[in-house]
Amino acid sequence: MGKGGLVSAKKKIAMLAALSVAVITVIVSAFFMPRTTEKNFFAMNTVCNVKITGKDSKTVAQELEKTVVGLDENVLSRQNENSITARLNLNGGGEIDEKLNEYFSVLLDVCQKSGGSFDFTLGKVSDLWGFGGEAAVPNPYALYNELGHTGYENIALSANSVTFEDEFAVDFGAAGKGIALDSIRENLGKSETKEAVVSVGGSILLYGDKDFSVGIRNPEGNAGSYVAILNIPEGCVSTSGSYERFFEQDGKQYHHIIDPETGYPAKSGVVSVTVVSQSGILSDALSTACFVLGTEKGMVLAKEYGCETVFIDENKTVYVSDGLRDRIEITDKAYTFSE
Ligand code: ADP
Ligand code: MG
């Protein structure tokens, strides 16, 4: 073997060594690289979607599903007769823990500040409309009668108990998805998650140190079609829309957001309201409250809570609060910004 052969053998060894280091580096970094897990499941009467990037993302995603399903079945559900809410409704109140006290006090505050446009004691009225199953316009007398058994003013809250009229049905339907987002964020904070986007129906949690793109659904289109795109940092985004749940009877459409004054679907000229907040429960409750209140009063209410909003009205006009003006882009030319 000549000198040249010796050099190339040495070169070959060096190259092989470099290659092995490279391969090992790739394998090791692939092992430690944050993994992304995506998962869909059903809870709170709606479809939930979880997308998580970080260490043990698969386990974290499983835990999140358990959290949401557990919160629904054990705490907030009115249908599951063993849930805390179902038992409170059966007994006209009872003992509550710190968390439930917090939900009650936040929601009572929204009831008050919205002048009663938000009212989470409408359970029996919602039942009459049957939005969960066989929906139909209720008998006006029955509706009038059930309206008599509503009114947040009649809820008496203390540190560890709540009391209300026996005939009342407390309904967390307008805020439960947001409550779920707050619990999810708490869980994520304890994990090594880098980024996450979790949607529970029309409420979305954005988690991580970056800007996220969130589409605002086209009220007339299907689930994948958007009117505008928001570019926002981490937080909670909830949208309430008349298109989410509705039925038709005698050529008229009836949706599931009720005006507590009349017992009928709210008619404020708004077709969708999106609320951005650091708090999940507030984003969800306020999106419902703002839908009932309409654009002008709704904007004032959300501002009182330091939340940002996007309203879309029947004329396809888009109203944006100050903090989102530079963070929104209309993607459907049929829609225009308000003057
Ligand atoms: P979605 O369920 O489509 O996310 P919302 O968050 O706006 O929509 O909540 C609507 C639900 O809230 C209804 O299905 C009903 O259970 C309840 N609800 C309806 N009207 C009101 C209201 N004015 N205040 C509080 N809760 C309401
Ligand atoms: Mg809501």
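Predicted model, so just to flag it, every value in this text is computed and none were measured. (Residues numbered from 1 in each chain as written. Chains lettered and ligands numbered in written order. Predicted model: local features only at pLDDT ≥ 70, side-chain atom pairs only at ≥ 80, totals over all residues. Heavy atoms only, no water.)

Concerning a nonpolar patch on the surface
Phase 1 of the analysis: Nonpolar side chains collect at one region of the surface, where Leu-16, Leu-19 and Val-23 lie side by side and expose about 290 Å² of accessible area between them.
Phase 2 of the analysis: Tracing the backbone through its elements, the reader meets Val-23 in helix H1 (residues 3-32).
Phase 3 of the analysis: Overall, Val-23 belongs to the partly exposed group, its relative accessible area being 43%. (Patch = residues over 30% accessible without salt bridge, like charges linked within 9 Å, V, L, I, M, F, W, Y side chains within 5 Å. Areas by Shrake-Rupley, 256 points an atom, 1.4 Å probe, with all protein chains shown as cover. Salt bridge = Lys/Arg side-chain N within 4 Å of Asp/Glu carboxyl O. Helix = DSSP H or I, 4+ residues; strand = E, 2+ residues; numbered from the N terminus. Buried < 20%, exposed > 50% of the residue type's maximum accessible area, 1.4 Å probe, protein only.)

Some words on the packing of helix H7 (residues 176-190) against helix H8 (residues 280-293)
Each pair of packed helices can be summarised by the angle the axes make with each other and by the distance between the axes.
Phase 1 of the analysis: In contact at an axis separation of 7 Å, H7 and H8 are set at 165° when each is read in the N-to-C sense. Classed by the angle they form, the pair H7 and H8 counts as roughly antiparallel. You can see that H7 and H8 cross each other, and the crossing is right-handed. Contacts between H7 and H8 involve Gly-176, Lys-177, Gly-178, Ile-179, Leu-181 and Asp-182 from the former and Gly-280, Ile-281 and Asp-284 from the latter.
Phase 2 of the analysis: Its residues placed into classes, the contact of H7 with H8 shows three nonpolar, three polar and three charged. (Axes fitted to C-alpha atoms, helices over the stretch in contact; angles between N-to-C directions. Parallel < 35°, antiparallel > 145°, perpendicular 65-115°, else oblique. Left-handed = near helix turned anticlockwise from the far one by under 90°. Contact = heavy atoms within 4.5 Å. Nonpolar A, V, L, I, M, F, W, Y, C, P; charged D, E, K, R; others polar.)

As for the site of ligand 1
Phase 1 of the analysis: In the neighbourhood of ligand 1, 18 residues make up the surrounding shell, with Asp-171, Ser-240, His-256, Ile-258 and Thr-288 lying closest.
Phase 2 of the analysis: In this structure, Ser-117 approaches ligand 1 through a main-chain N or O atom, which is 3.0 Å from a nitrogen atom.
Phase 3 of the analysis: Between Ala-174 and ligand 1, the recorded distance is 3.3 Å, taken from a backbone N or O atom to an oxygen atom.
Phase 4 of the analysis: The fraction of the free accessible surface of ligand 1 (560 Å²) that becomes covered by protein chains is 93%.
Phase 5 of the analysis: Per-element tally for the shell around ligand 1: the top contributor is H8, with three residues. (Near = heavy atom within 4 Å. Polar contact = N/O pair within 3.5 Å; in protein donor to acceptor, adjacent residues only side chain to side chain.)

Don't take any of this as a statement about function, it's just geometry.
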